[in-house]
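If you want the building blocks of each chain, they are given just below.
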Amino acid sequence: MKKTVLVVEDDPDVLALARRWLEREGYAVSHAADGAAALAALGADPLPGLVLLDVMLPKVDGFEVLKRVRADARTRALPVLMVTSFTRDKDVARGRKLGANDYIVKPLAEIDFLERVERALKKS
């Protein structure tokens, strides 16, 4: 049984695409539509094996979610892949400085997306 992936995404089309690809590869998928829901999900047991975290989210943005994940001893080592439509170097640098394991740029490309997920899970 492959691990659970928490997809934190407010765009239903992106969520549907990610869910389809992940489930086809055998992952269980849970979902949070905003940053506050993501933080609530990460406060519960069991923790997912990986978080796919959109940057632009309602309530609490992805950078703040990542900052809180890394500040909490319980979730500090959890692999987090930032997913964004921003390709600006400063946004990538900010995510890496806050502790993102990797950055995936939208629009999603299936093979690249799945390889990055697999790589992050193997390192964890």
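Preceding this section is the structure that the text describes.
Reading guide: rules and limits
- Residues numbered from 1 in each chain as written.
- Predicted model: local features only at pLDDT ≥ 70, side-chain atom pairs only at ≥ 80, totals over all residues.
- Heavy atoms only, no water.
- Helix = DSSP H or I, 4+ residues; strand = E, 2+ residues; numbered from the N terminus.
- Buried < 20%, exposed > 50% of the residue type's maximum accessible area, 1.4 Å probe, protein only.
- Contact = heavy atoms within 4.5 Å.
- Axes fitted to C-alpha atoms, helices over the stretch in contact; angles between N-to-C directions.
- Parallel < 35°, antiparallel > 145°, perpendicular 65-115°, else oblique.
- Left-handed = near helix turned anticlockwise from the far one by under 90°.
- Nonpolar A, V, L, I, M, F, W, Y, C, P; charged D, E, K, R; others polar.
- 1 Å grid on protein atoms, 1.4 Å probe; cavity = no way out; pocket = protein on both sides within 12 Å on 5 of 7 lines; lining within 4 Å.
- Points joined across faces, edges and corners; volume = space filled by probe spheres on them.

Enquirer: How would you sum up the side chain of Asp 54? Please name residues and give values.
Expert: Tracing the chain through its elements places Asp 54 in strand S3 (residues 50–54). Using a relative accessible area of 4% as the deciding quantity, one classes Asp 54 as buried. Once residues within four sequence positions are removed from consideration, Asp 54 is found in contact with Val 8, Glu 9, Asp 10, Gly 62, Val 83, Thr 84 and Lys 106.

Enquirer: Account for the packing of helix H3 (residues 62–71) against helix H4 (residues 89–98), with residues named and values stated.
Expert: Two elements in contact, H3 and H4, have axes separated by 9 Å at closest approach and are oriented at 20 degrees. Overall, the two elements H3 and H4 adopt an arrangement that is roughly parallel. As H3 runs across H4, the sense of the crossing is left-handed. Between H3 and H4, the contacting residues are Phe 63, Leu 66, Lys 67 and Arg 70 on the first element and Asp 91, Arg 94, Gly 95 and Leu 98 on the second. The residue inventory of the contact of H3 with H4, partitioned by class, reads 3 nonpolar, 1 polar and 4 charged.

Enquirer: Outline empty space enclosed by the protein, supporting the account with residue identities and numerical values.
Expert: Scanning the model with the defined rule gives 1 cavity of 30 Å³ or more in all. Here the largest cavity defines a volume of roughly 60 Å³. Looking at the largest cavity, the residues that line it are Val 7, Val 8, Glu 9, Val 14, Ala 18, Leu 52, Leu 53, Asp 54, Val 83, Leu 108 and Phe 113. Mapped by element, the contributors of at least two residues to the lining of the largest cavity are strand S1 (4–8), helix H1 (12–24) and S3. Among the residues forming the lining of the largest cavity, the class breakdown is 9 nonpolar, no polar and 2 charged.

In short, the description is geometric, and any link to function would need to be established separately.
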